[in-house]
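Descriptive analysis of the structure
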Amino acid sequence: MINNIQNTNIRGPICCLLGHVDSGKTSLLDSLRYTNKHEKEPGNITQITDMYCYNLKSLTNHIKTNGISDILFIDTPGHEAFSRMRIRGSKMCDLGILVVDIKEGFQPQTFESIKLLKNNKIPFVVLATKIDRLYGWKSDKKISLIKLLELQDDLCIQEFNTCIEDIKYDLLKENFTSCLYYQNKNPKKHISIIPISSKTKDGLNDMISYIKNLVDKYLYKKLEWKEKTRGLILEIRKDKRGTKLIAILTQGSLEIGDHLYVCSDLGYRQVQIKSISSYSTKKQLTSVKASSGIELVVTCPEDVIAGTPLYKIDKSICETDSINIITEKLIKFRTELCDRLCKDKEGVLVIAQDVGSLESLVKYLRQEPCVPVFNFMIGVPKQFTIKKMSTVKNELYKIILSFCFKLPSDVRNLAKENGIHIIEDDVIYSLKTKYLEYKQKYIDNKKHEIEGLVNFPCKLKIIPKFIFNKKNPIIVGIKIEKGTLCIGTLIGSLQKSGVLKIGKVVSIENNNKSQLKAYKGDKVSIKIDSSITNITYGKHFDHMTPLISIMSRKDEDIINNCFIDNLNNEEIELMKKIVNICK
């Protein structure tokens with residue numbers, strides 16, 4: 001067992017990688033830790049907050065490591081749907097690293113990331129990534145970037161300078177002056193731009209050296225170690241010894257046996273640490289000090305919520321007061337989370353593995369085309385939740401959307417028994433696409449089954465000159481004033497006492513030609529089968545009373561589920577009026 005609490009009052013800096021999707025954030029971490037996570041990620045995009053604790057001795061021998069020996073890098077998703085994750089990531093960092101594809105320049109999430117850094121007053125540098133894609137780039141990771149640039153051909157240098165000037169211009173639009181890091185004599189006043197390639201590792205030595213020097217010179221006081229312990233739970237995993245929490249320790253220290261307070265399904269709970277290990281190296285520890293990426297095995301059920309804060313009792317004040325302060329913070333966090341997410345009156349059930357994924361998914365689902373969300377949860381749904389869903393009348397909402405979370409077999413079986421459809425995917429936009437495709441297929445099948453059985457909204461005016469037959473079958477000429485008339489529509493006369501049911505339209509003709517439908521403004525003759533009602537024209541109704549389609553609440557529900565896109569605003573309003581009249 002290794003005890004890694006060092007005799008220093010300085011914690012390692014937390015550097016948050018921010019930027020547009022596919023700008024090279026995950027590739028940078030892969031290059032530092034010799035992994036290949038980027039290509040293994042669903043859809044090749046980052047959808048969770050990841051981290052890596054980089055030991056300054058592991059890349060170069062010439063970096064002095066007095067005081068600070070580690071840098072904790074936090075990788076945040078770049079896709080637009082994951083803005084809440086970027087906000088949470090930016091708030092915990094000491095130094096922002098704005099990652100920009102040198103050839104693509106600033107993109108939408110680049111500008112959003114700059115605003116986060118500005119709002120939280122976080123100093124930052126810009127990484128101009130993928131320099132290996134410049135025309136004719138010659139790579140050599142063993143030499144400094146300044147010397148490497150001297151080896152490049154004129155055309156390559158010309159493209160390099162143009163790309164850097166574009167980045168400087170975009171920074172200037174955000175009121176930041178900037179220059180290349182080796183030209184920057186005043187980093188407090190100007191933003192440093194560091195060109196690198198994660199693929200060839202060109203510039204990585206320069207990046208690490210520069211960040212280390214910045215931290216030593218300007219952030220030393222900010223990194224003074226404090227006793228008050230806090231962190232963020234990124235992920236929950238099963239472990240034979242208990243529940244494993246993947247977490248970032250942002251302040252303070254932890255030891256085996258410590259009691260923590262965390263968010264749970266029931267509000268909050270106290271848990272005890274059974275074991276500690278490094279997230280990066282997997283080494284077992286007896287204690288750990290901020291800033292660190294850690295794995296904690298704790299004694300508690302699996303109802304701890306990923307993406308939420310963790311706290312340890314503050315020993316500098318009364319224990320009761322400390323517990324009260326912590327629990328108030330956790331309750332406030334849960335309340336604000338619920339307020340941000342909010343639930344629609346009806347919709348699908350959404351499941352995710354952590355808070356950040358859940359917030360991102362709900363936000364993305366509510367973008368057009370919107371998918372309403374009635375309920376949401378983190379982790380495995382309860383049995384009563386599944387059974388309650390079985391009572392939902394709208395088949396399009398008897399659906400579970402599970403994002404990056406594999407539902408256990410017992411939940412799947414219970415869902416199947418209760419007629420609930422499960423849609424799963426590890427890519428956020430693919431999950432929404434799958435639901436929309438399922439919805440369209442359901443609607444198309446439903447349309448085929450029931451189109452001839454549904455009464456659509458229409459309002460007709462009888463033309464008194466064209467009364468061809470007054471008794472069954474009633475044949476009259478009409479004009480469509482509103483809506484659409486279809487064969488099979490049940491027609492009634494709108495009278496002062498209510499709606500008088502006449503019968504079904506069995507044919508529609510225009511200039512002696514039969515047609516299935518007639519639309520607003522059309523003048524046609526219709527044949528109504530009144531054999532069941534024995535209603536006759538002139539005796540029970542005449543041209544003075546308008547005709548309307550007779551619609552039930554069931555007709556309205558079916559149209560809302562399957563045909564609402566076929567109706568304009570006037571027809572929707574007419575449908576509501578007719579249903580109210582006919583009820």
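Only a predicted model underlies this, so the values are computations on that prediction, with no experimental measurement involved.

This part covers the pattern of salt bridges. Taken as a whole and judged by the stated rule, the model has 19 salt bridges. Here E570 and K520 are joined by a salt bridge, their closest N and O atoms 3.1 Å apart. In this pair, E570 sits in helix α14 (residues 569–582) while K520 sits in the loop between β26 (517–519) and β27 (523–529), placing the two residues 50 residues apart along the sequence. Two residues, E556 and R553, come together in a salt bridge whose shortest N-O distance is 2.8 Å. Of the two residues, E556 and R553 are both situated in helix α13 (residues 553–563); the distance of three residues between them amounts to about one turn of the helix. Classification of E556 as buried rests on a relative accessible area of 10%.

Inspection of the secondary structure puts K398 in the loop between α10 (383–389) and β19 (399–403). Apart from residues no more than four positions distant in its own chain, K398 is found in contact with M389, S390, V392, N418, G419, I420 and H421.

Glancing now at the sheet that holds strand β17 (residues 348–352). Reading across the sheet, the four strands line up as β18-β17-β19-β20 and stay open at both edges, with parallel pairing between neighbours. Strand pairing shows two members of the sheet lacking a second neighbour, β18 (373–378) and β20 (421–425), which therefore form its edges. Going from strand to strand, the sheet's axes swing by 20 degrees on average, the running direction of each strand aside. Relative to β20, β19 runs parallel, the two sharing five bridges. Paired with F403 across the two strands is D425, which belongs to β20. Most of the contacts of helix α12 (residues 428–450) go to β20, to which it runs at about 150 degrees, and overall it touches β17, β19 and β20.

A separate point is a positive patch on the surface. Taken together, the side chains of K226, K228, R230 and K329 make up a positively charged region of the molecular surface. The topology assignment puts K226 in the loop between α7 (204–218) and β9 (230–239).

In this section: the packing of aromatic side chains. Applying the stated criterion across every chain, the model contains eight aromatic pairs. Residues Y537 and F541 carry aromatic rings whose centres are separated by 5.4 Å and whose planes lie at 85 degrees to one another, so their mutual orientation is edge-to-face. On the basis of relative accessible area, F541 is assigned to the buried category, the value being 4%. An aromatic cluster is defined as three or more aromatic residues linked by ring pairs; in this entry it consists of Y181, Y182 and Y210. The ring of F376 is capped by K343, whose NZ or CZ atom sits 5.4 Å from the centre of that ring. The ring of Y364 is capped by K432, whose NZ or CZ atom sits 4.9 Å from the centre of that ring.

Conventions and cut-offs
Residues numbered from 1 in each chain as written. Predicted model: local features only at pLDDT ≥ 70, side-chain atom pairs only at ≥ 80, totals over all residues. Heavy atoms only, no water. Salt bridge = Lys/Arg side-chain N within 4 Å of Asp/Glu carboxyl O. Helix = DSSP H or I, 4+ residues; strand = E, 2+ residues; numbered from the N terminus. Buried < 20%, exposed > 50% of the residue type's maximum accessible area, 1.4 Å probe, protein only. Contact = heavy atoms within 4.5 Å. Pairing = 2+ DSSP bridges. Axes fitted to C-alpha atoms, helices over the stretch in contact; angles between N-to-C directions. Patch = residues over 30% accessible without salt bridge, like charges linked within 9 Å, V, L, I, M, F, W, Y side chains within 5 Å. Areas by Shrake-Rupley, 256 points an atom, 1.4 Å probe, with all protein chains shown as cover. Lys, Arg positive; Asp, Glu negative; His and termini not counted. Charge placed at Lys NZ, Arg CZ, Asp CG, Glu CD. Phe/Tyr/Trp six-rings, centres within 6.5 Å; stacked < 30°, edge-to-face > 60°. Lys NZ or Arg CZ within 6 Å of the ring centre and 35° of its normal.

Taken by themselves, the reported measurements are silent on function.
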